[in-house]
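Remarks on the overall topology
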Amino acid sequence: MRFPLKTICLFALLGALNLLTSSCAPHTPASSSPSSLNLPAPEANRDGSLVQKQQKLLSQGDYLAALSLADNGKGNSAELLRRALPGAYRQGEQMLAAQHYAEAGAAFAYLLTVVKENEATVTGGEVSGDELAKKRDFCAEQLMVQGMNAYRNGLLEEAIGTWEQILAFAPDHEGAHKSLVTSRTQLTNLQALKKEDI
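Residues numbered from 1 in each chain as written. Predicted model: local features only at pLDDT ≥ 70, side-chain atom pairs only at ≥ 80, totals over all residues. Heavy atoms only, no water.

Here's the deal with the packing of helix H4 (residues 78–97) against helix H6 (residues 129–152)
Going by this rule: Axis definition: a line fitted to C-alpha atoms, limited for helices to the stretch in contact. Angles are taken between N-to-C directions and run from 0 to 180 degrees. Secondary structure is summarised from DSSP: a helix means a run of H or I of at least four residues, a strand means a run of E of at least two, and numbering begins at the N terminus for each. Should an angle fall under 35 degrees it is taken as roughly parallel, and over 145 as roughly antiparallel, whereas 65 to 115 is taken as roughly perpendicular and any remaining angle as oblique. Whether a crossing is left-handed or right-handed is set by the direction in which the near helix is turned from the far one by less than a right angle, anticlockwise for left-handed and clockwise for right-handed. Residues count as neighbours in contact if any of their non-hydrogen atoms are within 4.5 Å of one another. Each residue is assigned to one of three groups, with Ala, Val, Leu, Ile, Met, Phe, Trp, Tyr, Cys and Pro labelled nonpolar, Asp, Glu, Lys and Arg labelled charged, and all others, Gly among them, labelled polar.
It is the contact of H4 with H6, at a shortest axis distance of 12 Å, that shows an interaxial angle of 25°. Taken together, H4 and H6 sit at an angle that is classed as roughly parallel. The handedness of the crossing between H4 and H6 comes out as left-handed. Contact residues: Tyr89, Glu93 and Leu96 in H4; Leu132, Lys135, Phe138 and Cys139 in H6. When its residues are assigned to classes, the contact of H4 with H6 shows 5 nonpolar, no polar and 2 charged.

A closer look at the confidence of the model for the protein
The cut-off we apply is this: Residue-level confidence of the predictor, termed pLDDT, takes values from 0 up to 100.
In this model, the protein carries a mean pLDDT of 78, and residues with pLDDT of at least 70 account for 71%. Long-range and interchain partners of residues 1–35, a stretch whose pLDDT sits below 50, account for 59 contacts in this model, where long-range means more than four residues apart.

A short note on the packing of aromatic side chains
The condition that has to hold: Geometry of aromatic contacts follows a simple scheme: Phe, Tyr and Trp rings, the Trp one being its six-membered ring, pair when their centres are within 6.5 Å, and the pair is stacked under 30 degrees between planes, edge-to-face over 60, tilted otherwise. Accessible area is worked out with a 1.4 Å probe on protein chains only. A residue is then buried under 20% of its type maximum, exposed over 50%, and partly exposed in between.
The final tally for this structure, using the stated rule, is 3 aromatic pairs. When the ring of Tyr101 is compared with that of Phe138, the centres are 6.2 Å apart and the planes differ by 75°; the resulting orientation is edge-to-face. Here Tyr101 is found in helix H5 (residues 101–118), whereas its partner Phe138 is found in helix H6, with 37 residues between them in sequence. Here Tyr101 falls in the buried class, since its relative accessible area comes to 10%. For the pair Tyr151 and Trp163, a centre-to-centre distance of 6.1 Å together with 45° between the ring planes defines the contact as tilted. One end of the pair, Tyr151, is in helix H6; the other, Trp163, is in helix H7 (residues 156–169), and 12 residues separate them in sequence.

Next comes the structure, spelled out in structure tokens:
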């Protein structure tokens, strides 16, 4: 049975998430939006249950998830930001150290959004929005290299999947867009040639 490329990429990403959660900080999420980070959905209410859920996540060390509970990172309390941003940054650093570039890039992109929307700082201002953007961009470039290596080895579907991971957290990444157009065109042409041979 053949699976569509999107299904294969989804299974690969889920496998990476499972590996990540078993090898990094407790309950570490994987791959800029809360949905691509596999975080809980934000809740509209501001009652005690939200605060309790955030406190529980903080105590479990799942700082990214605690941040995501409040309107996709908007409107977080100053206390929550003070407690969660350094831990969330450490989660991103752990993902980066484990070379989980898609997940780390998404974490840094999400933190960059939270910092900008809340006019907050990470670790008392020691980590700027520019630093978060540099780390996100570093992750994107590492994935570009991985995609190019797969492409050069004739693994077009793998290359496409890798470049799609970049666009999940850096949707304006020009190199990923160009590479996807080229490799998708080549894959389509190769598939057409195979059909002609049959």
